[in-house]
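A closer look at the structure
Listed here are the chains, written in short residue letters.
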Amino acid sequence: MPEAAELPTRREEAWRYSAVDRLRGVALDDWRAIEISAGETFRDCLVIADGPETRPTELHRWRVSVGEGARCELFAVLSSAEYARLEIEVTLAKGAHFELGGITVGGRETVREFVTRVVHAEPHATSNQTVRAVHWGHGTGNFLGNIDVVRDAQKTDAAQDFKGLLLEKGASVNAVPQLEIFADDVKCAHGASIGQLDETARFYMAARGLAPDLARRLLVQAFLGDALVALDDEERRDAMMQVALDKVDKAL
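Residues numbered from 1 in each chain as written. Predicted model: local features only at pLDDT ≥ 70, side-chain atom pairs only at ≥ 80, totals over all residues. Heavy atoms only, no water.

This paragraph deals with the overall build of the protein chain. Scanning the protein chain from N- to C-terminus turns up three helices and 12 strands. For 252 residues, the compact-globule formula gives about 18 Å, and the C-alpha radius of gyration of the protein chain, at 19 Å, lands near that figure. Considering only C-alpha atoms, the protein chain reaches an extent of 55 × 50 × 35 Å along its principal axes. Relative to its full complement of 252 residues, the protein chain shows a buried share of 46%. Taking contacts inside the protein chain between residues at least 6 apart in sequence as the whole, the part at least 24 apart equals 82%. (Helix = DSSP H or I, 4+ residues; strand = E, 2+ residues; numbered from the N terminus. Rg over C-alpha atoms; globule rule 2.2 N^0.38 Å. Buried < 20%, exposed > 50% of the residue type's maximum accessible area, 1.4 Å probe, protein only. Contact = heavy atoms within 4.5 Å.)

See below:
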């Protein structure tokens, strides 16, 4: 009988805020490989929502290789499972592009997170990651993102943008953006902010006759929408946004 895989611990940077105790019995070495040939465009969307197929722990690990001049677009909404994690490792060839749009929403004692590592292995590649988190109760949303630029990857243009919104006391959001740059002719940026709903905007909307619940929903929708701006498929974008908003509506 094979030995059970050793569980990661929170001492490891990539698992710092994770619910590692919920990984028992989960296949940790089950990686999905995505190979994108030179010049091709690939897009995929992941939605973890309430349903009969949803498991208590949803662990998705993807390794992506993006060929020269190719484009990879990944979008995800993590709105269900006690612990949901999407982990992505990306390697970019010359002139390739990687786009990530991610949303986590949740309350109670749930943990939902994105963990990324983007390696700019050759010159002129670009990447952009936009992640939004909305949590309440004792829910936790995490983003741990690494951008690695190797010595020969000149003309790299890479960005990370994370924002968290706390709807109730007790919820938490954690962001750990990291850059490791060995090339000198690059443009790299990352930003992270965490806050509460804009009370001035809510007052403004209420003064114009909008009910408090509707005002809150519109503000949350605008906040989350940034993560899906790059998804050039209106029907799919609207469907993913609806999943996230339905979770917020049910909870609050």
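It is worth spelling out the sheet that holds strand β4 (residues 71-78) at this point. Within the open sheet, the six strands sit side by side as β2-β4-β6-β8-β10-β12. Their pairing is parallel. The open sheet terminates on both sides in strands that have one partner only, identified here as β2 (41-48) and β12 (186-195). The sheet shows a mean angle of 5 degrees between the axes of neighbouring strands, taken without regard to direction. Judged from the 10 bridges that link them, strand β10 (residues 156-166) and β12 form a sheet pairing that is parallel. In the sheet register, alanine 159 faces β12, and the bridge partner there is alanine 189. Contacts between helix α2 (residues 212-225) and the sheet are confined to β6 (97-106), β8 (126-135) and β10, with β8 contributing the most and set at about 155 degrees to the helix. (Pairing = 2+ DSSP bridges. Axes fitted to C-alpha atoms, helices over the stretch in contact; angles between N-to-C directions.)

Counted according to the given criterion, the structure contains zero disulfides. Distance from the sulfur of cysteine 45, which forms no disulfide, to the nearest cysteine sulfur (cysteine 72) is 11 Å. Of all cysteine sulfurs, the one in cysteine 72 lies closest to cysteine 188, which takes part in no disulfide; the gap is 18 Å. (Disulfide = S-S within 2.5 Å.)

To continue, consider the packing of helix α1 (residues 199-207) against α2. At a closest axis distance of 9 Å, the pairing of α1 and α2 adopts a crossing angle of 130 degrees. Between α1 and α2, the angle is such that the two are oblique. For the pair α1 and α2, the sense of crossing is right-handed. For the pair α1 and α2, the contacting residues are Ala201, Arg202 and Met205 in the first and Pro212, Ala215, Leu218 and Leu219 in the second. Grouping the constituent residues of the contact of α1 with α2 by class yields six nonpolar, no polar and one charged. (Parallel < 35°, antiparallel > 145°, perpendicular 65-115°, else oblique. Left-handed = near helix turned anticlockwise from the far one by under 90°. Nonpolar A, V, L, I, M, F, W, Y, C, P; charged D, E, K, R; others polar.)

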